[in-house]
Amino acid sequence: MRSIRVFSALALFSFLLPAQDLKEFEKKVTEFTLANGLHFIVAERHEAPVVSFHTYVNVGSVDDPSGQTGLAHMFEHMAFKGTDTIGTRDWPAEKKALDDIETAYDKLQAERNKGPKADEVQLTYLESQVKVMIDRAQAFVKPNEYTRVLEENGAAGLNASTETDATQYFYSLPSNRVELWFLMESQRFLHPVYREFYKERDVVMEENRMRVDSSPQGKLLQTFTGTAFMAHPYRNPAGGWPSDTSNLRRGEAEAFFAKYYVPSNMVIAIVGDVDPAEAKRLAEKYFGPMPARPRPPAVVTQEPPQAGAKQAEVASPSQPLLVLGYKRPDQYDKDDPVLDVIQLILSGGRTGLMYRDLVQEKRLSLAAEAVSTYPGGKYPNLFVFFLVPSMGHTTSENLKALDDLLARFESKPPDAEELARAKTQARAEVIRRLANNAGLADLLANAYMNYGDWRKLFTQLDDLNKVTAADVQRVATRYFATGSRTVSYLVPGAGPMPAANRRSR
């Protein structure tokens, strides 16, 4: 996980440039919105003949329909499968073969829906028929053709990611291949093909087995999140619950795409050696045909107030681990920049209070880290602490030591040096990300979609500059309260962990 999330980085970037430099930067940025609602941000950097592209879709695992968790993640796996002209040996025949899979699957599902009255022999036969149809469709696939075309034309950093709040697609190309990007990217949104859908569904299932079932740390984190959130879909894993994922259907994916992959729910940032006028012409030519559709609604489920501290454990013979989270507001709250500063004071590398106290001085922990926003920022979430006990020490000792540290932190505001150090570290992290076209494209797209204006990169300057030591103390006291926290830990065997000596309020 990134210790400094994108949105806090956006705020902190404001330290880099004064107001007059925003005006200079604006001269290099061109924005336009197509008639269908798709927004483009183009930033010119002509130092090298390279262009980075970043497509941000405002949909993530938090938007997965009930019973269909993992659906948003499936599109990351579908991203480079091609279109009706790329990746197929014979599209009409392949399309029929794909439809035949669904027909066979419908029959299987109908038999499964009979529940205890289902015929086991018939189920076995229908399952074999589905596999036969999947194999037939596979014969028409030209594997990896989409990526091959791009890589043969110099694509670098070709990837996609599914997060709690967003799905993103990104890579870079030589500047003389800009039109190729417009063609390839637009076609997968205009003519999506759910090629190898069930094969990739199996891949997602295997990922879950590797990252959760075979990983005590992954299992603990999933248990922690599911315990902390009772109602809000932040409780669902990004890859989906296995029982949901294993039953996802192509038709559900098509409906999901039609609802969320709409032009007004997307933004594209282009950074590098590019001509804005040409980019606009190409955008209208290739993305203009995308039909305008209503922007999907936001999640309406709200997490109810937490009535008291929560606790969960995962038995494992592996290294003990403690995960502790406190409820906090969303990224739009006035306390958001203060919480980011708190994270850096507590967990800013070897100068952070947690490292100095728990790792260096008391030697209770092998590692100690804080993350100000988890698992996403669009909705109320968690401020999380991770502690790995050192040899001979327990999660109970670590929890008590963290409680004592937080009690001292709340009782006394940070000194000027600590506050300044945290802000300096944040600036350095953002400068690192802005040093390349891909990093800037990421920041521009994220800022626009989350705040409505890429200038938030600069205008959050005041918010960070206004964070005072008194703010840090006030916010820490407000949110680090026992009644709003969840504790999860790995233990060598079953049994409750002794209660820590944490005061209540």
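Residues numbered from 1 in each chain as written. Predicted model: local features only at pLDDT ≥ 70, side-chain atom pairs only at ≥ 80, totals over all residues. Heavy atoms only, no water.

**Things to note about the packing of helix 8 (residues 197-213) against helix 9 (residues 216-228)**
With their axes 6 Å apart at the nearest point, helix 8 and helix 9 run at an angle of 90 degrees to one another. With respect to each other, helix 8 and helix 9 are oriented roughly perpendicular. Residues N208, R211, V212 and D213 of helix 8 lie in contact with helix 9, whose contacting residues are G218, K219 and Q222. In the contact of helix 8 with helix 9, the residues fall into one nonpolar, three polar and three charged. (Axes fitted to C-alpha atoms, helices over the stretch in contact; angles between N-to-C directions. Helix = DSSP H or I, 4+ residues; strand = E, 2+ residues; numbered from the N terminus. Parallel < 35°, antiparallel > 145°, perpendicular 65-115°, else oblique. Contact = heavy atoms within 4.5 Å. Nonpolar A, V, L, I, M, F, W, Y, C, P; charged D, E, K, R; others polar.)

**Details of the confidence of the model for the chain**
Parts of the prediction with low pLDDT should not have their coordinates interpreted in detail. Of the residues in the chain, 93% reach a pLDDT of 70 or more, and the chain-wide mean stands at 90. Note on residues 1-20: pLDDT is under 50 here. Beyond four places in sequence and across chains, it has 65 contacts. Contacts of residues 494-505 to residues separated by more than four positions or lying in other chains number 34 contacts, the stretch itself having pLDDT below 50. (pLDDT = per-residue confidence, 0-100.)

**What about the sheet that holds strand 1 (residues 29-33)?**
The strands making up a sheet associate through hydrogen bonds between their backbones, and the pairing can be parallel or antiparallel. With respect to topology, six strands assemble into an open sheet ordered 1-2-6-3-5-4, the strand pairing being mixed. This sheet does not close on itself; its edge strands, each paired only once, are strand 1 and strand 4 (156-162). Pairs of neighbouring strands in the sheet enclose a mean axial angle of 10 degrees, with direction left out of account. Running over the sheet, helix 7 (residues 178-190) touches strand 2 (39-44), strand 3 (50-57), strand 5 (167-174) and strand 6 (266-272) and is turned about 155 degrees from strand 5. (Pairing = 2+ DSSP bridges.)

**Here's the deal with helix 17 (residues 437-451)**
Since the α-helix turns once every 3.6 residues, residues separated by three or four places project in the same direction. For helix 17, spanning 15 residues, the distance from its first C-alpha to its last is 21 Å, which sits close to the expected 21 Å at 1.5 Å a residue. Counting buried positions over the 15 residues of helix 17 gives 13, a clear majority of the element. Immediately downstream of helix 17, the backbone of G452 shows phi near 85 degrees, a positive value. (Expected span 1.5 Å × (residues − 1). Buried < 20%, exposed > 50% of the residue type's maximum accessible area, 1.4 Å probe, protein only.)

**Quick notes on the nonpolar core**
Grouped together as the largest cluster of nonpolar side chains are 64 residues, with contacts concentrated most on F40, W181, F182, Y261, I270 and F287. When sequence neighbours within four positions are dropped, the list of residues in contact with I270 reads F40, I41, V42, A43, V51, S52, F53, W181 and F182. Counting 40 residues, the second largest nonpolar core, distinct from the first, contains M354, L405, L464 and Y489. (Core = buried A, V, L, I, M, F, W, Y, C linked by side-chain atoms within 4.5 Å.)

**Quick look at the sheet that holds strand 8 (residues 322-328)**
One open sheet holds the five strands; their spatial order is 7-11-8-10-9, and the pairing between them is mixed. The open sheet has two free edges, formed respectively by strand 7 (310-315) and strand 9 (365-374), since each of these has just one partner strand. With strand direction ignored, the average angle separating the axes of adjacent strands in the sheet is 15 degrees. Bridging between strand 9 and strand 10 (residues 381-389) involves seven bridges; their strand directions are antiparallel. Bridge pairing in strand 10 places V371 opposite V384. Each of strand 7, strand 8, strand 9, strand 10 and strand 11 (485-491) touches helix 9; the most contacted strand, strand 11, lies at about 155 degrees to it.

**Looking at the packing of helix 4 (residues 91-112) against helix 5 (residues 120-138)**
In the contact formed by helix 4 and helix 5, the axes pass within 9 Å of each other and the chain directions differ by 165 degrees. Compared by their axis directions, helix 4 and helix 5 come out roughly antiparallel. Crossing handedness for the pair helix 4 and helix 5: left-handed. Across from E94, A97, L98, D100, I101, A104, Y105, K107, L108, E111 and R112 in helix 4, the residues of helix 5 making contact are Q122, L123, L126, E127, Q129, V130, M133, I134 and A137. Partitioned by chemical class, the residues of the contact of helix 4 with helix 5 number 12 nonpolar, two polar and six charged. (Left-handed = near helix turned anticlockwise from the far one by under 90°.)

**Some remarks on the pattern of salt bridges**
In this structure the tally under the stated criterion is 35 salt bridges. In this structure, D357 and K362 form a salt bridge, with 3.5 Å as the shortest nitrogen-oxygen distance. Classification of D357 as buried rests on a relative accessible area of 9%. Taking relative accessible area as the criterion, K362 reaches 36% and is therefore assigned partly exposed. As a salt-bridge pair, E417 and R421 come within 3.0 Å of each other at their nearest N and O atoms. Placement of both E417 and R421 in helix 16 (residues 416-434) is noted, with a separation of four residues, approximately one turn of the helix. (Salt bridge = Lys/Arg side-chain N within 4 Å of Asp/Glu carboxyl O.)

**Regarding the environment of A401**
Within the element layout of this structure, A401 appears in helix 15 (residues 395-411). For A401, a relative accessible area of 4% gives the class buried. Considering only alpha carbons, one finds A401 and R112, 289 residues apart in sequence, at a separation of 53 Å.

**Brief notes about the pairing of strand 10**
The element strand 10 is extensively covered by neighbouring structure, given that eight of its nine residues are classed as buried. Summarising the sheet, strand 8 and strand 10 pair through seven bridges and their orientation is antiparallel. Note that in strand 10 the partner of Y326 across the bridge is F383. In this antiparallel pair of consecutive strands, strand 9 and strand 10, the connection spans six residues.

**Quick look at helix 9**
The first and last C-alpha atoms of helix 9 sit 18 Å apart over 13 residues, in line with the 18 Å expected at 1.5 Å per residue. Buried within helix 9 we find G218, L220, Q222, F224, T225, G226, T227 and A228. Of the surrounding elements, those touching the buried residues of helix 9 are helix 8, strand 7, strand 8, strand 9, strand 10 and strand 11.

**Side note on unusual backbone geometry**
Here Y374 and P375 are connected by a cis peptide whose omega angle stands at -5 degrees. If you trace the backbone, P375 turns up in the loop between strand 9 and strand 10. Despite not being glycine, E196 shows a phi value in the positive range, around 60 degrees. Overall, the relative accessible area of 11% leaves E196 in the buried class. In this structure, R363 takes a positive phi of about 55 degrees despite not being glycine. Along the polypeptide, R363 turns up in the loop between helix 14 (353-361) and strand 9. R363 gets classed as exposed once you look at its relative accessible area, which sits at 59%.

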